[in-house]
Amino acid sequence: MRLFRRAAVVLPALLALVVVGAVWTVVERDHPYVLPPLADVGAQLAGEPGLFLANAWTTLSEALLGLLVGTVAAVLVAVAVSESTLLRRAVMPLAVVLNVTPVVAIAPALVVAFGFGILPKVLVTGLITFFPVLMNTLTGLRSVAPPVLAVFRSVRATRLDVLLRLRLPSALPYVFAALRVTFPLSLVGAIVAEFSAAGSSRGLGTMIQVAAANSQLDVVFAAIACLAVMGSVLLVAVTLVERRVLAWHDSQRRT
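Every value quoted in this text rests on a predicted model; they were computed, and no experiment measured them.

Each value, and the rule that gives it
- Residues numbered from 1 in each chain as written.
- Predicted model: local features only at pLDDT ≥ 70, side-chain atom pairs only at ≥ 80, totals over all residues.
- Heavy atoms only, no water.
- Helix = DSSP H or I, 4+ residues; strand = E, 2+ residues; numbered from the N terminus.
- Buried < 20%, exposed > 50% of the residue type's maximum accessible area, 1.4 Å probe, protein only.
- Contact = heavy atoms within 4.5 Å.
- Areas by Shrake-Rupley, 256 points an atom, 1.4 Å probe, with all protein chains shown as cover.
- Lys, Arg positive; Asp, Glu negative; His and termini not counted.
- Charge placed at Lys NZ, Arg CZ, Asp CG, Glu CD.
- Patch = residues over 30% accessible without salt bridge, like charges linked within 9 Å, V, L, I, M, F, W, Y side chains within 5 Å.
- Salt bridge = Lys/Arg side-chain N within 4 Å of Asp/Glu carboxyl O.
- UniProt positions renumbered as here; feature names shortened; annotations may be inferred.

Engineer: How would you explain the overall build of the protein if you had to name every residue and give the values?
Structural biologist: Within the protein one finds 10 helices and 0 strands. Ordering the α and β elements of the protein from the N terminus gives α-α-α-α-α-α-α-α-α-α. Its C-alpha atoms give the protein principal-axis dimensions of roughly 70 × 60 × 30 Å. Burial statistics for the protein: of 255 residues in total, 36% are counted as buried. In the protein, of all internal contacts separated by at least 6 residues, the share reaching a separation of at least 24 is 71%. Total accessible area on the protein is roughly 15,000 Å²; 70% of this is exposed by carbon and sulfur atoms. Side chains of the protein carry 19 positive and 11 negative charges; the gap between the two charge centres is 20 Å.

See below:
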């Protein structure tokens, strides 16, 4: 039965990959300047694995650091505004403005302010991942069932007790829902930062830029393949952590 369940999960994905590969092959035969042959992409990955791994590690480091900064900042802000109506009215409009401002426009200013190192790229990634975590965490903190909150108040629980023992645990499913989005999104943020923040010498974004400028489509799509694998691994990792941390929650109980 377990083997059948695993096959039911894996086979549709494999079938989809086969279909994509077949369509890719048909398109690249007639449009070689749009898609490179899959064999050439594989040859690039197999021929210089060290180069792709080194650049992938640079991009992953920027993504994870930015994700950490954005997530911590978002949770702290969400906790603060959930406890103060006045603070919420002051901060949330600023958060919305920050969210709708194109990060590509902010990146050059961050480079001027913080130099050409990793810091501007971490900040760009943090800005991209900040808002989804903020909104989900705030929703989770305010989603406590009134009867449960009434029980806490009946035993004269302090605001800190309510926050630590009730609101934060109730918000965890919402936080992980945001992380399932922002973990892969952090890679997008790192690539956008490498594209728009000058001074990048390494990273998959820089590799894509240089290869595209030299019409090396096989290198471009090899780097994209690395990003796809990294995003998938990050999504699987956060899903596994969610299942372990939220084993007590109804969403993780198997029927």
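Engineer: Please provide a residue-by-residue account of a nonpolar patch on the surface, values included.
Structural biologist: Judged by side-chain polarity, Val10, Leu11, Leu14 and Leu17 come together as a nonpolar surface patch covering roughly 390 Å² of accessible area. With respect to the helices and strands, Leu11 occurs in helix H1 (residues 2-30). Residue classification places Leu11 among the exposed residues on the basis of a relative accessible area of 52%.

Engineer: Describe in detail the pattern of salt bridges, supporting the description with residues and values.
Structural biologist: When the charged atoms of two side chains with opposite charge come close together, those side chains can pair. Within the structure shown, the criterion is met by 2 salt bridges. Taking the shortest distance from any N to any O, the salt bridge between Glu83 and Arg159 comes out at 2.7 Å. Of this pair, Glu83 sits in helix H3 (residues 49-83) while Arg159 sits in helix H8 (residues 159-196), and the two are 76 residues apart along the sequence. Judged by its relative accessible area of 27%, Glu83 falls in the partly exposed class. Given a relative accessible area of 56%, Arg159 falls into the exposed group. Arg180 is the salt-bridge partner of Glu242, the closest N and O atoms lying 2.6 Å from each other. In this pair, Glu242 sits in helix H10 (residues 217-245) while Arg180 sits in helix H8, placing the two residues 62 residues apart along the sequence.

Engineer: Could you give an account of the UniProt feature "transmembrane region" (unreviewed entry) in the protein, with specific residues and numbers?
Structural biologist: The positions that UniProt labels "transmembrane region" (unreviewed entry) are, in the present scheme, residues 63-82, 94-118, 130-152, 172-199 and 219-241. With 100% helix and 0% strand, the stretch residues 219-241 has end C-alpha atoms that lie 33 Å from each other.

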